[in-house]
Amino acid sequence: MNDLVPIVVQGISWSQQHGQPLVLLRGLGTDSWFAVSADVEEARAFSSCACTVERTQRRLARLASQLLRATGGEVEQIVLRVDEEQILRAHLVVRSSTGMTTLETMGLDALVLATELGIVPVMRWQELAALANGRQRAASASNETMPELPPAIQRLLAELEERGFGTDDSG
């Protein structure tokens, strides 16, 4: 049995609690899904609206894909994983005339590149299941239906709150 599951962008949601976009990812052919926090530009990169096609993320993905083609390289596979900081990362397996190379990059950047190249990224089944189970436990432990943000993002938001960012005290 292949332990790699194709991952698709299910949608974009706005976190009312934290005021930022979440990219919802789902294992193709499964009920397993998880969310990754994004900034507005990253979220727009996944939009199918013609008005967002020329956004920076999409342009950079197009440039990277053209550079690969021009140099005879080809992305064979994009493997997603979540690191110990709960940040989505990706390994791009690139084939070129010099052989195979693996590059690590941010997961959302790799997802935008995958969209540009027409590649379906994959994730290890065990990791997807663990992320989905963690999301379900967090949802059942609270009244929220939205998944919890990664600890690194929660720390950043707490720090911004301490400094007064994101509060409407402008009165």
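Check the entry above for the structure.
Everything quoted here is computed from the prediction, not taken from an experiment.

### Here's the deal with the overall build of the protein
- A tally of regular secondary structure across the protein gives five helices and seven strands.
- Mapped in sequence order, the helices and strands of the protein form the string β-β-β-α-α-β-β-β-α-β-α-α.
- In the protein, which comprises 171 residues, the share counted as buried stands at 35%.
- Contacts spanning at least 24 positions in sequence make up 46% of the contacts within the protein whose residues lie at least 6 apart.
- Looking at the protein as shown, the accessible area adds up to about 10300 Å², and 51% of this sits on carbon and sulfur atoms.

### Things to note about helix H3 (residues 107-117)
- For H3, the set of buried residues is Gly-107, Leu-108, Ala-110, Leu-111, Val-112, Leu-113 and Ala-114.
- The first or second residue beyond H3 is Gly-118, which carries a positive phi of 75 degrees.

### Section: the environment of Leu-63
- With respect to the helices and strands, Leu-63 occurs in helix H2 (residues 56-70).
- Of the residues examined, Leu-63 reaches a relative accessible area of 45% and is grouped as partly exposed.
- Expressed as a C-alpha distance, the spacing of Leu-63 and Leu-113, which sit 50 residues apart in the sequence, is 9.6 Å.

### Some points on the pairing of strand E6 (residues 99-106)
- Strand direction decides the pairing type here: strand E5 (residues 88-96) and E6, joined by eight bridges, are antiparallel. Looking across to E6, one finds that Arg-95 is bridged to Met-100.
- The turn joining E5 and E6, which pair antiparallel and follow one another in sequence, is formed by two residues.

### Comments concerning unusual backbone geometry
- A positive phi angle, near 65 degrees, is found at Gln-86, a position not held by glycine.
- In this structure, Gln-86 sits in the loop between strand E4 (74-82) and E5.
- Of the residues examined, Gln-86 reaches a relative accessible area of 35% and is grouped as partly exposed.

### Focus: the sheet that holds strand E2 (residues 20-27)
- Strand order across the open sheet formed by seven strands is E3-E2-E1-E7-E4-E5-E6, with mixed pairing between neighbours. The two strands at the open ends of the sheet, each matched to only one other strand, are strand E3 (33-37) and E6. Within the sheet, the average angular offset between the axes of one strand and its neighbour, ignoring direction, is 35 degrees.
- As judged from the five bridges shared by E2 and E3, these two strands associate in the antiparallel manner. If you follow Leu-22 over to E3, its bridge partner there is Ser-37.
- Contacting E2, E3, E4, E5 and E6, H3 crosses the sheet at an angle of about 45 degrees to E5.

Reading the values: rules and limits
- Residues numbered from 1 in each chain as written.
- Predicted model: local features only at pLDDT ≥ 70, side-chain atom pairs only at ≥ 80, totals over all residues.
- Heavy atoms only, no water.
- Helix = DSSP H or I, 4+ residues; strand = E, 2+ residues; numbered from the N terminus.
- Buried < 20%, exposed > 50% of the residue type's maximum accessible area, 1.4 Å probe, protein only.
- Contact = heavy atoms within 4.5 Å.
- Areas by Shrake-Rupley, 256 points an atom, 1.4 Å probe, with all protein chains shown as cover.
- Pairing = 2+ DSSP bridges.
- Axes fitted to C-alpha atoms, helices over the stretch in contact; angles between N-to-C directions.

In short, shape yes, function no, at least from these values alone.
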